[in-house]
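An overview of the molecular structure
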Amino acid sequence: MLKIMNTDLRLRLHSHDVKYGSGSGQQSITAVDVSDDHNSHWLVRPAMGETCKRGSPIKCNTNIRLQHVATKKNLHSHYFSSPLSGNQEVSAYGDDGGEGDSGDNWTVVCNNDYWRRDTPVKLKHIDTAAYLAGSGRTFGRPISGQGEIVGVTSQYGAYTDWQAMEGLFVHPSDLLPHQAAIHTEL
């Protein structure tokens, strides 16, 4: 379980039980600048149809799901327009048990062997090939001041880097070859 922050905007990925008033009408995904909001916790889960061992480091190019801890919905995307910028909408989707569909699957894109807590990653949506990003725009009511989260076509655009921040990290039982006394990968 962790919080992830957009490194350019300095905003944490966030959700709550507020639906979009347009597009899919699904639960909204936003970004906030506070570090202590419980609605910014995400659980890293294997992609649909895949398994993983708890505590195993996440290799780069691994497919995952991010489940919003408070509502049990998964970070999701699809071909709807985002409400403020007109990019690709990112929402939260799934049933009360956290099960959704293939639109919940994301690939961890990084330059190391593993997703490390001290290095930004990109999250690429598997179904649409869009990268998770902030748009730089903020919402008005009912979620005033929260940043819009979108999918964009290029990983090289602004606002596509995400870094693991606060959270609960389970150490693997065996150290990896590049590890000494410090544990930095997720």
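As annotated in an unreviewed UniProt entry, the protein chain is MIR domain-containing protein from Pieris macdunnoughi.

Further remarks concern the overall build of the protein chain. The helix and strand inventory of the protein chain stands at zero helices and twelve strands. Whereas a compact globule of 186 residues would reach a radius of gyration of roughly 16 Å, the protein chain reaches 16 Å, a difference of no more than 12%. Taken along its principal axes, the extent of the C-alpha atoms in the protein chain is 50 × 30 × 30 Å. Considering the protein chain as a whole, with its 186 residues, one finds that 48% of them fall into the buried category. Once local pairs closer than 6 in sequence are excluded, the contacts in the protein chain between residues at least 24 apart make up 61%. For the protein chain, the computed accessible surface area is about 9000 Å², with 49% contributed by carbon and sulfur atoms. Distance between charge centroids for the protein chain: 2 Å, based on 17 positive and 20 negative side chains.

Turning our attention to the environment of Gly 145. With respect to the secondary-structure elements, Gly 145 resides in the loop between β10 (131–138) and β11 (147–152). For the pair Gly 145 and Asp 101, spaced 44 residues apart in the sequence, the C-alpha separation amounts to 30 Å. Once residues lying within four places of it in the same chain are set aside, the contact partners of Gly 145 are Thr 138 and Phe 139.

Moving on, we come to the UniProt feature "domain: MIR" (unreviewed entry) in the protein chain. According to UniProt, the positions carrying the feature "domain: MIR" (unreviewed entry) are residues 1–47 and 55–111. In residues 1–47, the share of helix is 0% and the share of strand is 53%. The end C-alpha atoms are 16 Å apart. Between the end C-alpha atoms of residues 55–111 there is a gap of 21 Å, over a span that is 0% helix and 42% strand.

We now examine the side chain of Ser 28. Secondary-structure assignment places Ser 28 in strand β3 (residues 27–32). You can call Ser 28 buried: its relative accessible area is 1%. Within the local environment of Ser 28, its side chain forms a polar contact with the side chain of His 16, the two groups lying 3.3 Å apart. Residue contacts for Ser 28: discarding those within four places in its chain leaves His 14, Ser 15, His 16, Val 18, Lys 19, Tyr 20 and Ile 143.

Notably, Lys 72 is not glycine yet its phi reads approximately 70 degrees, a positive angle. In this fold, Lys 72 is placed in the loop between β5 (63–68) and β6 (74–81). A relative accessible area of 38% means that Lys 72 is categorised as partly exposed. A positive phi angle, close to 70 degrees, is found at Tyr 159, a residue other than glycine. Following the sequence through the fold, Tyr 159 ends up in the loop between β11 and β12 (162–167).

Reading the values: rules and limits
Residues numbered from 1 in each chain as written. Predicted model: local features only at pLDDT ≥ 70, side-chain atom pairs only at ≥ 80, totals over all residues. Heavy atoms only, no water. Helix = DSSP H or I, 4+ residues; strand = E, 2+ residues; numbered from the N terminus. Rg over C-alpha atoms; globule rule 2.2 N^0.38 Å. Buried < 20%, exposed > 50% of the residue type's maximum accessible area, 1.4 Å probe, protein only. Contact = heavy atoms within 4.5 Å. Areas by Shrake-Rupley, 256 points an atom, 1.4 Å probe, with all protein chains shown as cover. Lys, Arg positive; Asp, Glu negative; His and termini not counted. Charge placed at Lys NZ, Arg CZ, Asp CG, Glu CD. UniProt positions renumbered as here; feature names shortened; annotations may be inferred. Polar contact = N/O pair within 3.5 Å; in protein donor to acceptor, adjacent residues only side chain to side chain.

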